[in-house]
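Chain by chain, the residues run as shown.
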Amino acid sequence: NGTSGETEQFRFFCLGGGNEVGRSCHIIQFKGKTVMLDAGVHPGYSGLSSLPFYDEFDLSTVDILLISHFHLDHAASLPFVMQHTNFKGRVFMTHPTKAIYRWLLNDFVRVTMIGDDSSGTVNSGTLYTDDDLAASFDKIETIDYHSTVEIDGIRFTAYHAGHVLGAAMFFIEIGGIKVLFTGDYSREEDRHLNIAEVPLTRPDILITESTFGTATHENRIEKETKFTNLIHSTLLRGGRCLLPVFALGRAQELLLILDEYWKNNEDLEDINIYYASSLARKCMAVYQTYINMMNESIRKKFRDSNSNPFQFKYIKSIRNLDKFDDLNPCIVLAAPGMLQNGVSRELLERWAPDERNAVILTGYSIEGTMAKQLLMEPAQIPSFNNPDIMIPRRAGITEISFAAHVDYEQNSKFIELVNPKSIILVHGESNPMGRLKSALLSKYQKLKNTENEVKVYNPRNCDDLKLSFKGIKIAK
Ligand SMILES: [Zn+2]
């Protein structure tokens with residue numbers, strides 16, 4: 001018969017990323033099956049306080065853990081979950097995500113250990129070691145885009161999400177209920193990524209990001225022009241440009257833009273573009289390997305020129321600042337993207353006092369980080385090594401977002417195409433998330449109290465959200 005007349009409860013439990021951006025981790029449960037979505041850290045905190053609220057849930061009950069992409073706020077607490085909790089489920093991610101995960105978290109371990117030494121706080125900055133990371137790596141399973149895995153009554157499929165190389169949306173079926181989890185996603189054509197796809201099947205529940213709330217992005221061409229003009233004019237007046245970036249992901253898109261711009265502007269030929277990252281070489285190899293998972297435009301370039309678009313002509317990779325001669329105007333792309341510590345913070349402190357210089361923030365700046373603080377254009381900033389010393393800030397601060405998250409128009413269009421019955425908002429600060437909820441509710445106002453009513457939820461961390469489903473058909 002396949003139909004149950006009884007009401008079944010679907011449970012959504014947010015361990016992180018509820019009314020905040022950071023430490024994404026969500027639990028979905030139906031008919032005794034449990035799936036965990038993402039396992040990130042919060043970049044605004046350190047040590048144990050950067051973790052999702054793992055103590056609030058019995059992780060030994062999780063059957064499957066799906067990681068949407070390699071960003072720290074979605075993947076960096078995975079080694080902790082796998083090696084230091086009672087979690088015993090299976091973990092899945094796409095091939096490029098796994099390839100990058102290894103090097104990225106290796107670097108994360110190194111950076112948090114350095115933070116540990118200098119701060120000397122009780123709350124250790126180190127959540128796990130390289131050995132934990134290596135042990136977790138061997139147990140992670142991979143999934144191809146558009147392929148479906150079925151394990152013990154849980155079925156899931158990976159779709160392109162845009163955003164960064166390897167990012168996936170997961171379409172999950174548990175006991176007849178269909179759920180789409182977007183992770184972080186984008187719908188705007190860029191130079192190398194496939195945009196997020198709309199699955200063919202309609203989900204009952206959509207769990208979507210709400211980073212930009214109801215905001216509207218500038219159009220791509222205007223944004224790029226503003227970006228290259230600002231860089232050009234800064235360099236011509238003898239200034240330096242600092243682009244704080246996450247070590248890889250969106251940085252590769254900026255490198256493609258800059259390399260192309262330098263090719264078209266001869267007067268810039270003698271000005272250096274540096275990509276300062278200890279991961280640069282290893283990770284560029286990953287980008288060169290996975291061209292077949294990128295969009296048609298970059299694959300065409302690859303075929304036509306017979307050379308790799310990620311072998312840049314005008315960009316010099318440097319591991320750190322040891323051999324960096326800071327004598328002339330230049331551009332440096334350096335991690336971390338939110339200037340919490342490391343190379344980008346060191347250059348910020350060095351260049352902030354000179355008004356000719358420019359800091360361009362191209363990513364999303366999370367609450368509690370130096371990048372977020374800079375957006376307020378403070379007259380001075382604290383030195384990282386000695387917070388009692390204040391450094392004057394005269395360099396220009398400009399935000400031009402290449403963060404590759406949907407804006408309101410793109411998010412609401414995507415939701416329309418996906419056509420879910422219920423929407424659960426995650427990954428957004430309270431205010432933008434609340435505004436997005438209101439906008440969606442008024443968009444679907446006409447359907448209220450009909451059988452097609454669209455429900456919208458914005459749960460906080462550790463809120464228990466239960467949705468009732470009647471007479472779900474179970475495919476046998
Ligand atoms: Zn992300």
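Scroll up to find the structure this text is about.
Residues numbered from 1 in each chain as written. Predicted model: local features only at pLDDT ≥ 70, side-chain atom pairs only at ≥ 80, totals over all residues. Heavy atoms only, no water.

Here the zinc ion is held by H69 (NE2), H71 (ND1), H163 (NE2) and D184 (OD), and the distances to it run 2.2 to 2.3 Å. Coordination geometry of the zinc ion: the 4 donor atoms subtend angles of 93 to 169 degrees at the metal centre, consistent with an arrangement described as irregular. All donor residues of the zinc ion come from one chain, and their arrangement in sequence is H-x1-H-x91-H-x20-D. Pair noted here: H71 is in the loop between β4 (64-66) and α1 (72-75) and H163 is in the loop between β8 (154-160) and β9 (168-174), with a separation of 92 residues, a long-range link. (Donors = N, O, S within 2.8 Å, 3.2 Å for Na, K, Ca; no water. Tetrahedral: all angles 85-135°; square planar, octahedral: opposite > 155°, others 65-115°. Helix = DSSP H or I, 4+ residues; strand = E, 2+ residues; numbered from the N terminus.)

What follows concerns the packing of helix α11 (residues 408-418) against helix α12 (residues 430-443). Axis separation between α11 and α12 bottoms out at 12 Å; the angle between their running directions is 45 degrees. Taken together, the axes of α11 and α12 are oblique relative to one another. The handedness of the crossing between α11 and α12 comes out as right-handed. The segment α11 lies against α12, with Y408, N411, S412, I415 and E416 engaging L436, A439, L440 and K443. Partitioned by chemical class, the residues of the contact of α11 with α12 number 5 nonpolar, 2 polar and 2 charged. (Axes fitted to C-alpha atoms, helices over the stretch in contact; angles between N-to-C directions. Parallel < 35°, antiparallel > 145°, perpendicular 65-115°, else oblique. Left-handed = near helix turned anticlockwise from the far one by under 90°. Contact = heavy atoms within 4.5 Å. Nonpolar A, V, L, I, M, F, W, Y, C, P; charged D, E, K, R; others polar.)

Considering only enclosed or pocket space, the second largest pocket measures out at about 370 Å³ in volume. Lining the second largest pocket are 25 residues, and of these F212, H217, S401, F402 and A403 lie nearest its centre. The residue inventory of the lining of the second largest pocket, partitioned by class, reads 9 nonpolar, 7 polar and 9 charged. (1 Å grid on protein atoms, 1.4 Å probe; cavity = no way out; pocket = protein on both sides within 12 Å on 5 of 7 lines; lining within 4 Å. Points joined across faces, edges and corners; volume = space filled by probe spheres on them.)

Time to look at the sheet that holds strand β3 (residues 33-37). Strand order in the open sheet formed by 7 strands is β6-β5-β4-β3-β2-β1-β22, and the pairing between neighbours is mixed. The open sheet has two edge strands, β6 (140-143) and β22 (464-470), and neither has a second partner. When strand polarity is set aside, the average angle formed by the axes of neighbouring strands in this sheet is 25 degrees. Across 5 bridges, strand β1 (residues 7-16) lies against strand β2 (residues 25-30) in antiparallel orientation. Along β2, the bridge assignment pairs F13 with I27. (Pairing = 2+ DSSP bridges.)

Attention now goes to the side chain of D190. For D190, the location among the structural elements is in the loop between β10 (177-181) and β11 (205-209). The class of D190 is buried, set by a relative accessible area of 12%. Separated by 3.1 Å, the side chains of D190 and R250 make a polar contact. (Buried < 20%, exposed > 50% of the residue type's maximum accessible area, 1.4 Å probe, protein only. Polar contact = N/O pair within 3.5 Å; in protein donor to acceptor, adjacent residues only side chain to side chain.)

Of all the residues in helix α7 (residues 280-289), the buried ones are A280, C283, M284, V286 and Y287. The arc that holds every buried residue of α7, seen down its axis, measures 150 degrees, which confines them to one face. In α7, those exposed residues whose orientation departs by more than 90 degrees from the buried face are R281 and T289. (Arc of directions from axis to C-beta.)

This next bit is on the pattern of salt bridges. All chains considered together, the criterion is met by 28 salt bridges. Close ionic contact of K443 with E416 constitutes a salt bridge, the shortest N to O distance being 2.7 Å. With K443 in helix α12 and E416 in helix α11, the pair connects residues that are 27 residues apart, well separated along the chain. A relative accessible area of 40% means that E416 is categorised as partly exposed. When salt bridges with common partners are traced through the structure, they connect E188, R191, R220, K223, E224, E253 and E260 into a single cluster. (Salt bridge = Lys/Arg side-chain N within 4 Å of Asp/Glu carboxyl O.)

With that settled, consider the state of the cysteines. Taken as a whole and assessed by the stated rule, the structure comprises 0 disulfides. Free cysteine C25: the closest other cysteine sulfur is in C14, separated by 8.0 Å. Residue classification places C25 among the buried positions, given a relative accessible area of 0%. The thiol of C241 is not disulfide-bonded; the next cysteine sulfur, from C330, is found 8.3 Å away. A relative accessible area of 0% places C241 in the buried class. (Disulfide = S-S within 2.5 Å.)

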